[in-house]
Amino acid sequence: MLTVLSEADFDRYIDRMHELALIPECTGYPVWYDGYKTKEMFIERTRKAFARENEEVLLFTLDGEFCGWVQYYELPEDRYFGTVSMGASRGMERMLSEFLDFAEARFPDDSIYLGFPAENREALDFLPSRGFRLGESTWNMLLRDLPRVEPDPPAETVMRIGRENYDLFRVLHAKNGETMYWNADRIEKTLDDWILFVLVRDGMPKAAACCSRDDYAEIFSLDFAGDFDPDAAAELLRACAAAAKEDGSAVLGYFCEDEEKQAVEDAGFSCVGRYVMMERISAQAE
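Residues numbered from 1 in each chain as written. Predicted model: local features only at pLDDT ≥ 70, side-chain atom pairs only at ≥ 80, totals over all residues. Heavy atoms only, no water.

(A) Up close: the sheet that holds strand 8 (residues 194-201). Taken together, the twelve strands give an open sheet; going across it, the order is 1-2-3-4-5-12-6-11-10-9-8-7, and neighbouring strands pair in mixed fashion. Unpaired on one side and paired on the other, strand 1 (2-4) and strand 7 (157-160) mark the two borders of the sheet. Here the average twist between neighbouring strands, direction ignored, is 30°. (Pairing = 2+ DSSP bridges. Helix = DSSP H or I, 4+ residues; strand = E, 2+ residues; numbered from the N terminus. Axes fitted to C-alpha atoms, helices over the stretch in contact; angles between N-to-C directions.)

Below, the structure written as structure tokens:
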């Protein structure tokens, strides 16, 4: 059974919630076992649900025993429904079934996006029966100890992107990233929140990088004019690491494709694990 967690009961359950968040087979994304996120961060982020209008923590119990939780959020303007964290010691399929019944009843027009570690087979094997399809399967990569990163001098022209030259980035990201939530239009509207680079070769934009500005900086995309180019990727990864360091970030993350993984590891990133995102797109969005 799912019930809304009250702020009065927060301290009663938060330790057990965090314990489950550290077990890949039992949890969902974002994961909290990457070596950067701490228990204090988990507690702080979970508690924010009580102050946010479109966010709640739902406790899952079986036979009167706490077995898990789901912390969800909704973006009403985008009809977007996702999770902040979730976990279940047992009954993952039942928890998800009840959670989806809840979401369908309360947010019938929303698209739903649920991410899991590849190890959580119970969740991933169940979701297709509820109309979900594979949206993404990538490697969760993390560059730790970012303050010690020192960039090599770029072998080619790597340009920092601002409003005055945004079209150089747009032409590449529009080609590859328009199916992402953070498409070229949304990024432009929030440009101050991003670190953007374009690699120019022979006077033409050949590759671009899009990186969020945060303590946990994250590369949202590497876009290429043609096929994946490991040399261009290396240049852009170094540029992003240097800029994130200058910006005060602690670590740099990237969810990369199979073909990119070796180049990303060569740039100093370590692998947290496989990320699998399942999606169910609403009829209104199709």
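(B) The arrangement of the pattern of salt bridges in detail. With the rule as written, the count across this model stands at 21 salt bridges. Residue Lys39 is joined to Asp15 by a salt bridge in which the shortest nitrogen-to-oxygen separation is 2.9 Å. With Lys39 in helix 2 (residues 39-47) and Asp15 in helix 1 (residues 10-21), the pair connects residues that are 24 residues apart, well separated along the chain. Here Asp15 falls in the partly exposed class, since its relative accessible area comes to 38%. (Salt bridge = Lys/Arg side-chain N within 4 Å of Asp/Glu carboxyl O. Buried < 20%, exposed > 50% of the residue type's maximum accessible area, 1.4 Å probe, protein only.)

(C) Quick peek at the packing of aromatic side chains. Tallied over the entire structure, the rule returns 24 aromatic pairs. When the centroid spacing of 5.2 Å and the interplanar angle of 85° are considered together, the rings of Trp32 and Phe42 count as edge-to-face. Taken together, the positions of Trp32 in the loop between helix 1 and helix 2 and Phe42 in helix 2 put the pair ten residues apart, joining distant regions of the chain. A residue is classified by how much of its surface remains accessible, and Phe42, at 0% relative accessible area, is buried. Three or more aromatic residues link up through ring pairs in this structure, and these residues are Tyr73, Tyr80, Tyr113, Tyr181, Trp182, Trp194 and Phe220. (Phe/Tyr/Trp six-rings, centres within 6.5 Å; stacked < 30°, edge-to-face > 60°.)

(D) Focus on the environment of Met95. Examined against the element boundaries, Met95 turns out to sit in helix 3 (residues 92-106). Look at Met95 and you get buried, because its relative accessible area is 0%. Sequence separation between Met95 and Leu199 is 104 residues, and the spatial gap between their C-alpha atoms is 46 Å. Dropping the residues within four chain positions of it, Met95 is found in contact with Leu2, Phe60, Gly68, Trp69, Val70, Met86, Gly87 and Ala88. (Contact = heavy atoms within 4.5 Å.)

(E) Looking closely at the pairing of strand 2 (residues 55-62). Burial runs high along strand 2: eight of the eight residues are buried. Side chains Glu55, Val57, Leu59 and Thr61 project from strand 2 onto one buried face, and the interleaved Glu56, Leu58, Phe60 and Leu62 project onto a second face that is buried too. Pairing geometry for strand 1 and strand 2, over three bridges, is antiparallel. Counterpart to Thr3 in the pairing with strand 2 is Leu59. Sheet topology places strand 2 next to strand 3 (residues 65-75); eight bridges connect them, and they run antiparallel. Opposite Leu59, over in strand 3, you have Trp69 as the bridge partner. Once strand 2 ends, the chain turns through two residues before running back antiparallel as strand 3, passing Asp63 with a positive phi of about 55°.

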